[in-house]
Structures are given as structure tokens and as C-alpha cells.
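Structural characterization, general
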Amino acid sequence: QVRMVVLEALRERGYRALEAADARAGLDVIESAQRIDMMISDVGLPGMDGRKLAEQARQKRPDLKILFVTAYAQEAGVRGDFLADGMEMMFKPFAVDAMVQKVREMLVQPAQTAE
């Protein structure tokens, strides 16, 4: 349900949003030739957690911006090493407008490449 709300909110505001039902499908999208500026992923995914998905996605697209959403604020929030450059986190439940604003902010931030 969260995925459907996020997709609808982004599309209504003019963003082109692609959907992946699970981590494997997400990696298939990442490995495609499509332009992808950002990935939004839940932290808790079946089979592969969102952070592992992000690591694999960044191997293919090092400058990919990643927004994690999670309902597990205590676990995710305390782990300072969880987020790398170009990664942000929002905690469920969140206001749709706040999520869209976060996407907008992240997309205008310049990419930080590793030296």
C-alpha cells in the first residue's frame, strides 16, 4: 500500500516513477538502460534488506540517490553507519507531501562521488 501511495504521489507531481515489487525486480530496473536518478526503498524487504539492495544498486550506479523508508525508527536511526553520502531516511508513517519534498531536495543536491 505504501508503494502505491508513493508512486501515485510522485506521478501526480510530474515525476516518472518506476515500480519494482521486490529487491530482485528492483535490481533488474537498476541494471536496465533506463535513466534513474533516485531509488526509494523500504529498509525491510523480503529476501534482501534495503541497505543491501542499495549497495548492489550503487555498484551499477555509483551516484544513485537513495531514500529509505522504514517503520523501525529505533533500529535504523541509531546506526550512524547505515546511511552513506546521497542517502536519506524517512520514518513511517510520513506525510506524502513531506516525502515528495524530500525527493525534490535530494534530486537537486549535487552527486557526491568517491575520490
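No experiment lies behind these values; they were computed from the predicted model shown.

The computed volume of the largest pocket comes to approximately 930 Å³. In terms of lining residues, the largest pocket is bounded by 33 residues, among which Leu-18, Ala-20, Met-39, Ile-40 and Ser-41 are the most central.

Given a rise of 1.5 Å per residue, 13 residues ought to cover 18 Å, and the 19 Å separating the end C-alpha atoms of helix 5 (residues 96–108) matches this to within 8%. Considering only its buried residues, helix 5 is in contact with helix 1 (2–12), strand 1 (38–42), strand 2 (65–70) and strand 3 (87–91).

Orientation of helix 2 (residues 23–30) relative to helix 3 (residues 50–60), taken along the N-to-C sense of each, is 15°, at an axis distance of 10 Å. Relative to helix 3, helix 2 is oriented roughly parallel. In this structure, helix 2 crosses over helix 3, and the sense of that crossing is right-handed. Residues Ala-23, Leu-27 and Ile-30 of helix 2 touch helix 3, and the partners they reach there are Leu-53, Gln-56, Ala-57 and Lys-60. Looking at the contact of helix 2 with helix 3 residue by residue, the classes come out as five nonpolar, one polar and one charged.

The next point concerns the confidence of the model for the chain. Per-residue pLDDT for the chain has a mean of 86; in total, 88% of the residues score no lower than 70. Per-element confidence in the chain ranges from a low mean pLDDT of 53 for helix 4 (residues 73–78) to a high of 94 for helix 5.

With that settled, consider the pairing of strand 1. In the sheet, strand 1 pairs with strand 2 via five bridges, with the strands oriented parallel. If you follow Ile-40 over to strand 2, its bridge partner there is Leu-67. As for the winding sense of the linkage, the β-α-β connection from strand 1 through helix 3 to strand 2 is right-handed.

In the contact formed by helix 1 and helix 5, the axes pass within 10 Å of each other and the chain directions differ by 65°. Handedness of the crossing formed by helix 1 with helix 5: right-handed. Packed against helix 1, whose contacting residues are Val-5, Val-6, Ala-9 and Leu-10, the element helix 5 presents Val-96, Met-99, Val-100 and Val-103 at the interface. Across the contact of helix 1 with helix 5, the residue classes break down as eight nonpolar, no polar and no charged.

Criteria and cut-off values
Along every chain, residues carry numbers that run from 1 in the direction the sequence is written. It should be noted that, the model being predicted, local features are given only for residues of pLDDT at least 70 and side-chain atom pairs only at 80 or more, the latter also being counted only at that level, while totals for whole chains, interfaces and linings use all residues. The side-chain values count all of the structure's non-hydrogen atoms but skip hydrogen atoms and water molecules. Only protein atoms enter the 1 Å grid used here, on which a cavity is any set of points holding a 1.4 Å probe that cannot leave and a pocket is any open set flanked by protein within 12 Å on both sides along at least five of seven lines; residues with an atom within 4 Å of a point are listed as lining. Grid points are joined across faces, edges and corners, and a volume is the space filled by probe spheres set on the points. Under the scheme used here, helices are H or I runs from DSSP no shorter than 4 residues and strands are E runs no shorter than 2 residues, and both carry numbers assigned from the N terminus. An expected span of 1.5 Å times one less than the residue number is assigned to each helix. In what follows, a contact means two residues having at least one pair of non-hydrogen atoms within 4.5 Å. Convention adopted: a line fitted to C-alpha atoms gives each axis, helices being fitted over their contacting stretch, and angles between N-to-C directions are expressed from 0 to 180 degrees. Our angle categories are set so that under 35 degrees counts as roughly parallel, over 145 as roughly antiparallel, 65 to 115 as roughly perpendicular, and the remainder as oblique. Crossings are sorted by hand: turned counterclockwise from the far helix by less than a right angle, the near helix makes the crossing left-handed, and turned clockwise it makes it right-handed. Lys, Arg, Asp and Glu make up the charged group, whereas Ala, Val, Leu, Ile, Met, Phe, Trp, Tyr, Cys and Pro make up the nonpolar group; the residues left over, Gly among them, are polar. As a per-residue measure, pLDDT tells how confident the predictor is, with possible values from 0 to 100. Pairing between strands is defined by DSSP: at least two bridges between the two strands are required. The handedness of a crossover follows from its direction of travel: if, with the strands pointing away from the viewer, the path from the first strand over the helix to the second runs clockwise, the crossover is right-handed.

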